Amino acid sequence: LDDLNTIPLDKEELVSEVVFGSEIGPYQELLAKIYAGLAISGNEGGDGDPDVAGVDGGSQASFLRGLWNLQTLPSDEALCAWNDVGIPDLNYMTWTANNVFIKGFYYRLYYQINLANALLRETTEEKLSSRGASEEVKAQIKTYRAEARFARALSYYYLLDMFRNVPFVNEDSPVGSTLPPQIMAEDLFDYIEKELTECEADMLDPFVGYHPTYYGRAHKAANWALLSRLYLNAETYMGVNKYTESITYSKKVLDENFALDPVYKNVFTADNENSVEMILPIRYEGEDTQTWGGMTFLMSSTVPSALQAEINSVGAWQGNRALVSLLRFFERENRHEDDTRFSMVRTDQTENNEIVDPSLFTNNGIPIVKYYNTYSDGTLPPSNIVYTDFPLFRLGEIHLNYAEAVLRGGTGGDQATALQLVNDLRRRAYKNEAATAATITASQLTLDFILDERGREFFFEAQRRTDLVRFGKFTGSSYIWPWKGNVPAGRSIADTYKVYPIPSDDIGANQNLTQNPGY
Amino acid sequence: EDNEKIVLQQPESFVLNIPKYASGIYDLKNTETIEFTTSQPNYGFTAATLYAVQISLSQNFAEYTTLPGTYSAAKFDISAQDVAVALVALHDVEEESDYPADPHPLYVRLTATIAGSKVEPVYSNVIQLPQVLGYFALEAMTMPEEMYLIGNVAGNWDWNSATEMIPVWGSPGKFWAMQYLGQTEGGDNAEIKFNYAMAWNGNEFGYNEVTIGEGSAGLAGTSDAGGNIGIGNPGWYIVVVTTAIEGREYTFSVDFLPPHVYLQGNVNGGHWGTTDEIHRFAIPALSLGADAEFISPAFTAAAQGDDDGGVRASIQLPGHEWWQTEFMVFDGVFVPRGAGDDQARVAGTAGQRLSINFTKRTGKIE
Amino acid sequence: QTGATINVRGIVTDIAGEPIIGANILVQGTSSGTITDYDGNFTLQAPADGVLEISYIGYRPQSIPINNRSTINVTMEEDTELLEEVVVIGYGTVRKDDATGSVVAIDASKINKGLATSPSSLLAGQVAGLSVVSSGGAPGSASNIRIRGGSSMSASNDPLIVIDGVPVDTEGINGMADPLSTINANDIETFTVLKDASATAIYGSRASNGVIIITTKKGHSGKLQVAYNGSVSVSTKTGLVDVMDAPTFRNYVIDSFGEDSQQAAALGNTQTNWQDQIFKTATSTDHNVSLAGSISNFLPYRVSVGYTNEKGILKTSGLERYTGSINMSPSFLDGSLRVQLNAKGVYNTNRFADRGAINSATQFDPTMPVYSETNSPYGNGYHMSLKTDGTPIDIGLANPLAILEQKSDKSKVYRSIGNMQVDYNLPFLEGLRANLNMGYDISESNGDVIITDNSPMSWVWGSYKAGWGENSTYYQYKSNTLLDFYLNYNNNFGVHRIDAMGGYSWQRFYSEEENKFPYSAAMAAQTGNEFYKEGNDYSTESYVISFFGRLNYSLLERYLFTLTLRNDGSSRFSPGNKWGLFPSAAFAWRIINEPFMENAGDVMSDLKLRLGYGVTGQQNLGNGDYPWMGRYSYSKAGANYFFGNTKVPLIRPLAYDENLKWEETATYNAGLDFGFLNNRISGTFDVYYRKTTDLLNTVGIAAGTNFSNELLTNVGELENKGVEFSITGRPIVSKDLNWNVSYNITYNRNRITKLTINDDPSYVGVRFGGIDGGTGNNIAIHSVNYPSGSFYVYEQVYDNDGRPLEGVFVDQNADGQINEEDMIVYKNAAPDLFMGLSSQLSYKNWDLNFSLRSNIGNYVYNNIQSNRESRSITYDPSGWLKNKVNSATFTNFDAVHYQSSYYIQNASFLKMDNISVGYNFNNVSNWLQSARLHLTVQNPFVITKYKGLDPEFTNDGIDNNIYPHPRVFILGFNLNF
Ligand SMILES: [Ca+2]
Ligand SMILES: [Ca+2]
C-alpha cells in the first residue's frame, strides 16, 4: 500500500521541499518568474503553458499588452481595428464586467501578487535557516524579498489605478479557498506606500544604464519613481493630494545620475538596455523571452506592412492606429515638424488621418512607429523576435511628474526647476537647430500644456488613461475625442468609466466583493 | 425545429402612449423635458430598438420635424428646448413677434429602428398634445466657415470674382486675405464690403456694421463710402475679419495690416520668426496693380522638402503663430493651409526665390 | 446416398410437447431442407437411407437416420450448454440468465463480416446507450466512445476498456491515435458492455463511464483451422466544402468592393480548386491470417498475424500496421488447472497529414496558382502571398498543398498487451477456485515532425517566419502492469445458489516522454545552434490498489441478488483522500420462471426484471498524477528572464487543491429483458438515472487565493437521465431465406445541476470551445441547468425568407442594447436520441448486411461558415484575399458575427455506416472448406439537413479542420481452410 504514496518522479516536477534548499538558484528563478510575468504570459515560449487561465495568454493575459490596451485604447491616443470580443468596447468605452481583456489584466496582476507572496513565504528566516542557507545566500535573498515586495506593490498600484477597491492578499493569506477581503482605495494606497517605503532600504542601489549583473531588476530608483507616480495620482485615488510627497521622490530620482537619452528614439531600440534614461525596463531578449503579447504586440500591432522590414518586427498586424487627437498634441506646437517624437507619427503612411470606419486597417487613422527591433546604429539583432525592452519607468516621466506636482501646488520644488526640467525634455526631443524653438516660458507652462507634453512624450507608452483621469478629462464632456463613447465625433461618457469594473468572474467567486458603482 | 427560428415580423405600427398630463399646458420655455412612454413594436421578439421623436402641427404629418436624439428605453425624456426649436421652423416664422402667443395642439409620433441593422423603420400612432406653448427658440449659433471680400477692386462687385478669404488655423470665424486696395483704373479709391456667403442676401456688411481696429483705420485711412469701407490710403493690405457672436447675431471687426510676408525654415537659415525684415518678401509697386507678385529674399540654403521642413512662408498676424497662417505654392498654385492639416513640403535650392501672386493665387519657386 | 427418394413428414416439439416453429431440417450432406411450420410440421423429399439434421437455436441439434421411415417426430431438448451461456463480467463470468446488471454481450464474429477496420467501428450503432463517433476520416483515427453520456466535464469520459482481463490505457500514445488499434478486429471474440453501476462497480474508481470488456478468440480442440481475411479498398471523398470557385470569387470581390478597389487588384488570374489539390482517391489493403487448433488436445492455441496498409484521402496521410496475437490455453490436472496465455502486439508506422491544409484549402484564394509563376526564391516553388517587394507576407495563409508535401510528420509505434491467467480449482472444497492474473500493456512510440526549410509554412508559421524549417522528435514509453488475484466459490444448495468472489488488485501506470528540437539546416547555418529549442523530458507514475468482492445469490432460479464492493486506493490523491469505497446492489426477478407464467410460455420465452444501484468513481482527472500537491514547475524554452547577462530560467508555483478527490457517480437502473416465440424476438428496456457528485470542474476562484484564477476542484454536480430500448428479431427464418434484424434506441439527457462554490446567479458558467476567427473567441459553455458543453450565443433573428438579418439579435434582457448580457445557452452537440439498426439477410449463398445509425438533436457550430462568410474578412491589408463559402451571398453579412445562433445548426443525421453483399462458397475443395467474397461500401450515404461536409464530430461540436470521413469501397475475401 505504500505504493500509493507517490512523489513526482520527474526532476522538473517539484514539490517545495525538493525545490528550495540552501542554494540561491531556485530562489533566483522564482524571482525571475515575477519579473518575467511582466514580459511574457506563460512558462513556455510563445505564451505556452499560460499563467492565467481561461483567457488567451498572449493577447489577454500579457501584462504589457493588457496594460497598453487598457491605458491606450479608451484614450485619445488610439483605436484598434480588430473585432475580437472585447476590443471594440475598449475603443468606445462601453465595456462591461465581462470584458475579457479587463479580466485578463486583473488576473495577471493577482498572479504577480501571488508569486511575490510565494517568494516571501518560502524565504522566511526560519525556513532559510532550517534549510541551511549560508549568510551570503540569506543576504541575497534579503534583496529578493525587497524586490518581491516592490513587485507586489507595483501590481497593487495598477489595481488601485484601474479598479480602486480590490481583493487583498499578502504572504500571510492562506493558499486555498479562503475568500480574500476587499480593501478600500485609501487603505490600499496606505499599504502600497508602506510597502514601498519599507522595502526600499533592502533594494539594490540605483545604477545607470546597463549593469552586467543586475540590469532588469528593480532598484531603489524604481521604487522612488513608483512613489512619485503614486503620490501624483493620490488625489484621483482617494481625494487627498500628495504633490509634495511626489516632488520628494521625483527629486530622489533626479539626484541620481540618470540622464535623458540624447536621442529620443534610442529609448525604444533593441539596445535600449544601454539607455541612461531607463529606470525600470521590462526586458525582452529575442527567442529567450518569446511572446505574442508584450513588445511583440507593441511593434507588430502598430507597424504598417510597408515599414515592417525597417523596424524588424515579427509581424505587421496593423490593428492599432493613432486617432487624429494624437496628431493634435503636436499640431498645437509651432515647430512640431522638428520634434523627433513627431517623426514617429507616420501621417505619410496613411491617406486619411481621420478614422472613418473603425474596422478598416489602412488609410484610416495614423500609424505610429515608436518601437524598433533594430539597434540604434541601424544594425539588426540576432532575430526578428524582439530584443527591445519596454521602459516601464524612465527619467522623462520624472521630469514631468516634478513639473506637474509643482504646478498643482506641491511644495519642496520650485517653478524654475520645473520649467528647466520641461525644457530639457523638449530640447532633447527637438532637433539640434530647433532646440531653441522648443524652449517655453514660465507663462506657457500650464497644466494643459503638461497634459499635451505628456501626450507628446509618452504616446503609445501605456500612460494615457491615468493622465486623462488625473486631469479630469477621461470621462465627462470637458474633452471629447473621435470615437469616445462610440460616435465618430466623440461624446461625453459617464464617470463610471474612470475605473474598470471588477471582473464578473471574481464577483461571482468572492462574496466579499462589492462591484464598482455603475457596473 | 426550424420553427424555433425567430422571424422578424415587420409591424405596421406600434403604440406611443398619451402622457398622463397631456391635457395640461406644456409651457416649453419653463419645462426641461417631456416624458414619453411607448411599447416596443411587435417585431415578434424583443429587439434592441432605437426610438426617434417626430412632431408636426397637423394630424396627418404633412410637414414634420424629427427631433435630435434617439432612445433605447421605452420610457424617455425629450428636451423641451429641442421641441421649441423645431416648432420655430414648423411655424415658419422669422421674427419673434410673429410667433404664436397662444397654446396650440402639437402632434407627436415615434419611429422605431433596430439598432445596428438595416431593418426598415416603423411609425407609431400619432398622439395629440392639445396645448403646447412654444417660444421663439433658435439653434445655437456657429461661426461662419467662409468669408468673402468684395469691392470695386475685388471682383468689381461681382460675388463670383470676389476674394475668398483664408481661415486662420485654430481660430473659427477669423479670416485673412492679402488684398490689393489701390485705386481703380478710373482713379477711384477702393471701396469694399464683406459677406459670409457669395451672395447679396442681406447679410453683407460694410463700414456701418463693422468695428475697424484703431491702428488699421489710420493705416488705411478708412471712411464710410456709402456703407462701403472706403480706403483713403491706396496700397496692399492684409485684411483680417474677426467674427464674434452676440446673442443670435454676428458682429465683425476688420483690421488692415501692412502686407508683410515672411520666408521661413532652412531656406532662410532656420529662422521661423515673423519680425525680421531681411526675411520679408518684397512688396510690389502699387503701380503694377493687383496682378503683381510678392517676391521672397533669395534662399540662403537648400531644403529637401521632406525631412527638414522644406520651403515655408507665412504672413505676420499678431497673436498668432506663423504656421497658423502659412501657405505654399504647389505646381504653380498658391495653397494656404487655412484651418487644415499640415501641408506637404516643397523643396528649394540656395539662390532661388519664392514669388506669389495673391490676386491670381499663383506662384513659383525659381 | 443411393437409396430411393421418399417423402418424409413429421412434427418437431420440445420436451413439453409444444411445437417448435421454424426449426431447420436438412438432409445431411446436401443443401436440400425445409423448416417447420406454425404447428411444428415439416415435409420433405429425402433419400430413404439419408440422415436428417434438425436444428433450432437454443436446442441441441439432432441427426436422425431416416431408415426408410415416412414419419419422423422429433423431440428437441434444450441445449443446457446454451442455457449455461455465460457473459463475461469483471473478475469472472455469470450465467446470462443470472445477470442482474445492464450487460450487453456482442458476438464480434456476427457483426464483423469483414466490414470493420477497427474494433471501435465494430461497436458503432450496435448497443443501446453506447455511442461511437470516429474523430474523422484520417487513417487510424480514434473514436470517441461514450456509454450513457459523459459523467464528467473536465475529467475523462472514456469508458474503461479491459482486454482479456487487462484494463488498458485509453489515453493513447503519441503517434497512434486509436489505442484500440492494438487489436486486430478479426481477433475479437466478444465485446461485453457493462453499462450500469451494479455491473461496473466492481471496477470502482475507473468505472463511472462504463466498462467495455474485450475477449479475444481462443484456440480449440479439433483439427487445425486456418483462416484468411483480406481486402482491397478504395477511399474517396464524399464532398467538398462549398466554397466559391475562381470566377464566382472574382465576381464577389468586384461586386463587394468595386473594380478599382485594392481588393480587386489583389485577385489573381488562375483557377484553382484547392480542395481538389489536397484530396485524392486512396487505395488500401488489409490481410489477416489466423491458425487455430490444439496440440494433442492438451494445448489449444490460436495465432494470427495481420497487415494493413491504409492510405488516407488527404494526400500524404497513411499508415502501415502489423498486428500479431497468440493465445494458448492449456489445462492441467484433469482440467482443474487452467492457464490462459495471451499476447497481442502491434507495430504501426504512420504519416500524418496536417489538417491545417483543409482549413487553408477552403480559404486560399482560388484565383491563385498552385505553383509560383514568378520564379520567386521563396516557398520552394509553391505559390505564396508576397509583398510588392517580392518578399513573403508573414501573415498569409500557407499554400494548402505545400502544407502536405513540405511537412513530414511520421511516427513508429510498438505496443503489446498480454497476460497470463491461472485458474485453479482448489481440491479441498468443491466449487472453490483461485484465479491469478498478471498482465501488462507496454507501448513505445517515436516520431519526427519536419517542416522543410524555405517552405511556405516556414515563412508564415511559428515564431521566426524567416524561412527556417522546424524539426522535432518525440519519444514516449508507457507501461502499465497488473496483478489480480481472487478466490471464487460457486455452489448450489437446493434452491439456493451462491457465487462469491473476493480479490485484490494492484496496477501501476508509468510513462515517460522526451522531446527534442534539432536544428533546421537553414537555421543552423544562420544561428549556429544545434537545437532551436531546448528539449524536455518527463516521467510520471501512478498506482491503483484495490480490494473487491462480489456475492451472487440465486433463489429458486427466480430471485437473483448481487452485491459488490470495491475499495480503491489511488496514488493521485492526498493521504486523507486516497481510498474510496464503491458499493453496488442489484436484484433481478426471472418472472418467466414463475409458475404463473407457465401459460405464457407459448409466446413468451423470457421475462426478467432488473433493478440496480451502485456508486462508481473517476480518478482519471486529466490533470496529471499529482494534482493535489503544491508543486513548482520549470519553464520551457522561450520563457526566461535576464538579470544582467545571466539568462535565468523560471520556476513557478502551480495551483493545487489539496482536498481533491474522486468524482462519484451514483447510478439507478431499472431494466426489463424479454423474449417471445422461443426468443425469436428478444429485447431489453432500461431506464437509468446517474448523478455525479463532487464533479471535477475547473472553476474560477477568487482572485488571490491560489496560483491561478481557475482551479480543478470537486465542486459540481451533473446528472444524466436516459431510456434505452433494444430489440432483436428474426422475422424470416426459412431454408433459403433468413433475416436477422436488430434495432436500438437511446434517449439521454445531461444536465449540470451545480457548478460553482457559490451559487451566484450572475455567473454564466465556464466558457470554452475556442473557434477559428479572431483571437480568444469561445463558443461553448458549461452552465448550470443546461447540458454540459452547450453553445453560448446571441439569438439570431431572420427575415421571412429564412435569411439572417445582419446585426439583429434578440435583446434578452430588454434593456435596449445588445451586449454580453444578451447571450444565451443554446443547444448542444450531444444528440437527444441516437439509434442503430443492423440487418443480416441471407438467401442461399448470398448475404446482404448493413448497419444504419442515426443521431437526432445534435447541433454543430459551423465554424467553416462563420469564418468564411463575411465581407470584412475577405481582404487582409497586407494584400491578399481569403475565399468565401457560396452562402456568403445569401447571408450577405458585412461584418463577422461569430457568436450568432445562426451558426448553431442542426446536424441530426441518418447514416449508413456500411452495406455489404457477400457470396459464400461451401466445400469448395478438399483443402478449402469455405470461402466468402464480399463487396462492402462504408459510409455510402448520410441524410442530414446540415450543410457542412459531415454532421458527425467529436470536437465539442465545432466544425473546423475536420478530416472528412471517406466513402470506402471494399472488396474482401474470407477463406477458411
Ligand atoms: Ca533587450
Ligand atoms: Ca440587452
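So, here's what we can say about the structure.

What counts, and at which threshold
Residues numbered from 1 in each chain as written. Chains lettered and ligands numbered in written order. Predicted model: local features only at pLDDT ≥ 70, side-chain atom pairs only at ≥ 80, totals over all residues. Heavy atoms only, no water. Helix = DSSP H or I, 4+ residues; strand = E, 2+ residues; numbered from the N terminus. Rg over C-alpha atoms; globule rule 2.2 N^0.38 Å. Buried < 20%, exposed > 50% of the residue type's maximum accessible area, 1.4 Å probe, protein only. Contact = heavy atoms within 4.5 Å. Areas by Shrake-Rupley, 256 points an atom, 1.4 Å probe, with all protein chains shown as cover. Axes fitted to C-alpha atoms, helices over the stretch in contact; angles between N-to-C directions. Left-handed = near helix turned anticlockwise from the far one by under 90°. Nonpolar A, V, L, I, M, F, W, Y, C, P; charged D, E, K, R; others polar. Pairing = 2+ DSSP bridges. Buried area = accessible area lost by both parts, 1.4 Å probe. Salt bridge = Lys/Arg side-chain N within 4 Å of Asp/Glu carboxyl O. Polar contact = N/O pair within 3.5 Å; in protein donor to acceptor, adjacent residues only side chain to side chain. Expected span 1.5 Å × (residues − 1). Phe/Tyr/Trp six-rings, centres within 6.5 Å; stacked < 30°, edge-to-face > 60°. Lys NZ or Arg CZ within 6 Å of the ring centre and 35° of its normal.

1. Quick notes on the overall build of chain B
In terms of regular secondary structure, chain B is built from two helices and 27 strands. Over its C-alpha trace chain B gives a radius of gyration of 29 Å, far above what one expects of a compact globule, namely 21 Å for 366 residues. C-alpha atoms of chain B, sized along the principal axes, occupy 80 × 60 × 30 Å. For chain B, the residues scored as buried account for 47% of the 366 residues in total. For chain B, the share of sequence-separated contacts (at least 6 apart) that also reach a separation of at least 24 residues comes to 63%. Carbon together with sulfur atoms contributes 47% to the accessible area of chain B, which is approximately 16,900 Å² in total.

2. Quick word on the overall build of chain C
Per the secondary structure count, chain C includes 13 helices and 53 strands. Taken over 977 residues, chain C has a buried fraction of 58%. Considering only intrachain contacts with a sequence separation of at least 6, the fraction spanning at least 24 residues in chain C is 70%. Carbon together with sulfur atoms contributes 54% to the accessible area of chain C, which is approximately 37,200 Å² in total.

3. Quick look at the packing of helix 12 (residues 243-254) of chain A against helix 16 (residues 395-407) of chain A
Residue and element names in this part refer to chain A. It is the contact of helix 12 with helix 16, at a shortest axis distance of 9 Å, that shows an interaxial angle of 145°. Pair helix 12 / helix 16 crosses with left-handed handedness. Taken together, the residues of helix 16 that come into contact with helix 12 (itself represented by Tyr-243, Ser-246, Ile-247, Ser-250, Lys-251, Val-253 and Leu-254) are Leu-395, Ile-398, His-399, Asn-401, Tyr-402, Ala-405 and Val-406. Residues belonging to the contact of helix 12 with helix 16 are distributed by class as follows: nine nonpolar, four polar and one charged.

4. Comments concerning the sheet that holds strand 14 (residues 174-181) of chain B
Strands belonging to one sheet form pairs held by backbone hydrogen bonds; the direction of such a pair is parallel or antiparallel. The sheet built from five strands is open, its strands ordered 13-14-19-20-16 (chain B) with mixed pairing. What marks the edges here is a single partner per strand, and that holds for strand 13 (166-167) and strand 16 (210-212) of chain B.

5. Remarks on the sheet that holds strand 5 (residues 51-55) of chain C
Residue and element names in this part refer to chain C. In space, the four strands of this open sheet follow the order 3-2-5-6, with antiparallel pairing throughout. Only two strands of the sheet have a single neighbouring strand rather than two, namely strand 3 (33-35) and strand 6 (62-65). Adjacent strand axes in the sheet meet at a mean angle of 20°, parallel and antiparallel pairs treated alike. Bridging between strand 2 (residues 24-27) and strand 3 involves three bridges; their strand directions are antiparallel. Across the sheet, Leu-26 pairs through a bridge with Gly-33, a residue of strand 3.

6. Description of the interface of chain B and chain C
Counting from both sides, the interface comprises 19 residues of chain B and, opposite them, 25 residues of chain C. Across the chain B to chain C interface the summed buried area is about 1,500 Å²; carbon plus sulfur atoms make up 54%. The salt bridge involving C:Glu806 is made with B:Lys118; its shortest N-O contact spans 3.5 Å. Counting across the interface, chain B meets chain C through four residue pairs in polar contact (both at pLDDT 80 or more). When grouped by side-chain class, the residues that make up the side of chain B that touches chain C number nine nonpolar, five polar and five charged. Relative to strand 42 (residues 796-798) of chain C, strand 1 (residues 6-7) of chain B is paired through two bridges, and the arrangement is parallel. Each residue of the ladder has a partner; that of B:Val7, found in strand 42 of chain C, is C:Tyr798.

7. Considerations on the interface of chain A and chain C
Think of interface size as the accessible area that goes away when the parts come together; that is how it is often given. The interface of chain A with chain C comprises 99 residues on the first partner and 75 residues on the second. Summing both sides of the interface, chain A and chain C together bury roughly 7,600 Å²; the carbon and sulfur share of this comes to 54%. For the pair chain A and chain C, the number of links is three salt bridges. Across the pair A:Asp49 and C:Arg652 runs a salt bridge, and its minimum N-O distance is 2.6 Å. Classifying every residue of the side of chain A that touches chain C gives 47 nonpolar, 31 polar and 21 charged.

8. Focus on helix 9 (residues 185-199) of chain A
Residue and element names in this part refer to chain A. Given a rise of 1.5 Å per residue, 15 residues ought to cover 21 Å, and the 21 Å separating the end C-alpha atoms of helix 9 matches this to within 8%. Those residues of helix 9 lying buried are Ala-185, Leu-188, Phe-189, Tyr-191, Ile-192, Glu-193, Glu-195, Leu-196 and Cys-199. Those residues of helix 9 that are buried lie in contact with helix 8 (135-162), strand 5 (166-167), strand 6 (182-183), helix 10 (220-232) and helix 11 (234-238).

9. Details of the packing of aromatic side chains
Centre-to-centre distance and the angle between the planes together describe a pair of aromatic rings. Here the structure, examined in full by the defined rule, presents 91 aromatic pairs over all chains. A centroid spacing of 6.2 Å and a plane angle of 20° characterise the contact between B:Tyr51 and B:Phe76, whose relative ring orientation is stacked. With a gap of 25 residues between them, B:Tyr51 in strand 5 (residues 49-56) and B:Phe76 in strand 7 (residues 75-79) connect regions that are remote in the sequence. With relative accessibility at 5%, the residue B:Phe76 sits in the buried group. Aromatic ring contacts, followed pair by pair, group A:Trp95, A:Tyr106, A:Tyr107, A:Tyr110, A:Tyr156, A:Phe163, A:Phe168, A:Tyr191, A:Tyr497, A:Tyr500 and A:Tyr519 into a single cluster. Directly above the ring of C:Phe643 sits A:Arg217, whose terminal nitrogen or CZ lies 5.5 Å from the centroid. The side chain of A:Arg408 reaches across the aromatic face of A:Phe471, ending 4.6 Å from its centre.

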